[in-house]
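Close look at the chain arrangement
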Amino acid sequence: MTEAILLVGGKGTRLRPLTVHTPKPMVRAAGVPFLTHQLARARAAGVEHIVLATSYLAEVFEPHFGDGSALGLHLEYVTEEEPLGTGGAIRNVASRLHSGPEDPVLVFNGDILTGLDIRRLVDTHATTGADVSLHLTRVTDPRAYGLVPTDPTGRVLAFLEKPQTPEEIVTDQINAGAYVFRRSVIDTIPAGRPVSVERETFPDLLSAGAHLQGMVDSTYWLDLGTPAAFVRGSADLVLGRAPSPAVPGRCGDRLVLPTATVAPDAKLTGGTVVGEGAFVAEGARVFGSTILPGAVIEPGAVVTDSLIGTRARVGSRSILTGTVVGDGAVVGADNELREGVRVWCDARIPAGAVRFSSDR
């Protein structure tokens, strides 16, 4: 296998305000755009040619990655004029593939952080003679996902949308968002209209008697669709819990990028990353958080499990937990922001304006 399709067209609405100015796959995780980790892992598995299916803020990708040669890849870009869904996006880029009808094509989503053994998935596809092979993972609570029951040999039996009752939970296996398609199967997807692989393509293939093979790989897997998950994923990359050859430094409690400045008595732990040109002042404590380039953490601030956007500022003694601060926003001194708060890009919160405790 030498080819892959990477689906990077989503708007990332659940991640806003992180995605107001930046497409989701380009938001930085462990110091580099998240997409960099996916491209590097694909290259390590032997992929040479990747077609990026873009849509939202499509103009951002090519200036950053170019032709892919810096990563040892050949990259091409195809932009959807209107969103086409997962299946429609795959079909829309088919003309850029070089593979023969029987060759395998890897397809993966631009918002999944995973330790998937890509070579093993491709080998499973080849040895079983499948039309499509799917990466499946097991989750404790599958209610938010589509279930994929299989027979003892791993052959897919059905696709069950998000179960609502205990009786509907017939398996803990879910679709993990990475596939290997027989090249000729891609050409059977309807062209020019939105298509969901989960709701249309895969069920239709099953109904037609196609062979869909599931491979359970329960190594690290995380959907980065929410701010909390994205922050956790970045921290796990820094800590080495999630594998990536693209982390720009040694794994450990902290990752401080070149040109960032951290005061000697500031404390950075839990997989915190401090981006280029950012500044963490004296007495600040940052745990498990992402500080994007040019951001400022003022003296005595405490930032936990949060993401601080590009050129944003967190004022002295402010306490942020589970918070997203958008690009260019300013959180004044002596504020308290707790789980789920999203400060929009360029917003200004005056000193002491938001608190969960007394100011005394």
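Residues numbered from 1 in each chain as written. Predicted model: local features only at pLDDT ≥ 70, side-chain atom pairs only at ≥ 80, totals over all residues. Heavy atoms only, no water.

The line we're drawing: UniProt positions are given in the numbering used here, feature names are shortened, and annotations may be inferred rather than shown by experiment.
You'll find the protein chain entered in an unreviewed UniProt entry as NDP-sugar synthase, with Streptomyces doudnae given as the organism. Entered under Sequence similarities (unreviewed entry) in the UniProt record, the comment concerning the protein chain runs "Belongs to the transferase hexapeptide repeat family."

1. Observations concerning the sheet that holds strand E13 (residues 261-262)
The test is simple: Should DSSP find at least two bridges between two strands, the strands are taken to pair. Runs of H or I in DSSP of at least four residues are treated as helices and runs of E of at least two as strands, each being numbered from the N terminus.
The strand order E13-E16-E19-E22-E25-E28 describes an open sheet built from 6 strands, whose pairing is parallel. Whereas interior strands pair on both sides, the edge strands pair on one side only; in this sheet they are E13 and strand E28 (348-349). Two strands pair when backbone bridges link them, and strand E19 (residues 296-297) and strand E22 (residues 313-314) are joined in this way by 2 bridges, in the parallel orientation. Following the sheet pairing, isoleucine 297 is matched in E22 by valine 314.

2. Things to note about the layout of surface pockets
Definition in use: A cavity, in this analysis, means grid points on a 1 Å lattice covering only the protein atoms where a 1.4 Å probe fits yet has no way out; a pocket is instead an open set bounded by protein on both sides within 12 Å along at least five of seven lines, and a residue lines either one if it has an atom within 4 Å of a point. Grid points are joined across faces, edges and corners, and a volume is the space filled by probe spheres set on the points. Only Asp, Glu, Lys and Arg are considered charged in this grouping, and only Ala, Val, Leu, Ile, Met, Phe, Trp, Tyr, Cys and Pro are considered nonpolar; every other residue, Gly among them, is considered polar.
Looking at the largest pocket, its volume works out to about 1400 Å³. For the lining of the largest pocket, the residue count by class is 22 nonpolar, 15 polar and 11 charged. What the second largest pocket holds in volume is close to 300 Å³. Along the wall of the second largest pocket there are 21 residues; nearest its centre are Pro227, Ala228, Val231, Asp305 and Gly322. With 7 residues, helix H7 (residues 227-239) is the single largest residue contributor to the lining of the second largest pocket. Looking at the lining of the second largest pocket residue by residue, the classes come out as 8 nonpolar, 7 polar and 6 charged.

3. Describing empty space enclosed by the protein
Once rolled over the atoms, a probe with the size of a water molecule shows which space is left empty. Taken as a whole and judged by the stated rule, the model has 2 cavities of 30 Å³ or more. As a volume, the largest cavity reaches approximately 180 Å³. Along the walls of the largest cavity sit 17 residues, with Gln38, Arg41, Phe108, Ile112 and Thr114 positioned nearest its centre. Contributions of two or more residues to the lining of the largest cavity are made by helix H1 (34-44), strand E6 (104-109), strand E7 (112-114) and strand E9 (173-182).

4. Side note on the UniProt feature "domain: Mannose-1-phosphate guanyltransferase C-terminal" (unreviewed entry) in the protein chain
What UniProt calls "domain: Mannose-1-phosphate guanyltransferase C-terminal" (unreviewed entry) maps, in this numbering, to residues 252-333. Helix makes up 0% of residues 252-333 and strand 41%, and the two end C-alpha atoms of the span are 30 Å apart.

5. Re the packing of aromatic side chains
A ring pair, where both rings are aromatic, is described by two values, the distance of the centres and the angle of the planes. We apply this condition: A pair of Phe, Tyr and Trp rings is counted when the ring centres sit within 6.5 Å of each other, with Trp represented by its six-membered ring. The angle between the planes then sorts it: under 30 degrees is stacked, over 60 is edge-to-face, the rest tilted. Think of it in three bands: with a 1.4 Å probe and only protein chains considered, a residue is buried below 20% of the maximum accessible area for its type, exposed above 50%, and partly exposed in between.
Scanning the entire structure with this criterion turns up 6 aromatic pairs. Taking 5.3 Å as the distance between ring centres and 25° as the angle between the ring planes, the aromatic pair formed by phenylalanine 159 and phenylalanine 202 counts as stacked. Taken together, the residues span a long stretch of sequence, with phenylalanine 159 in the loop between strand E8 (132-138) and E9 and phenylalanine 202 in helix H6 (residues 197-207) at a distance of 43 residues. Taken individually, phenylalanine 159 and phenylalanine 202 each receive the classification buried, so the pair is uniform in this respect. Here a set of aromatic residues connected by ring pairs shows up, and it is made of Phe159, Tyr179, Phe181 and Phe202.

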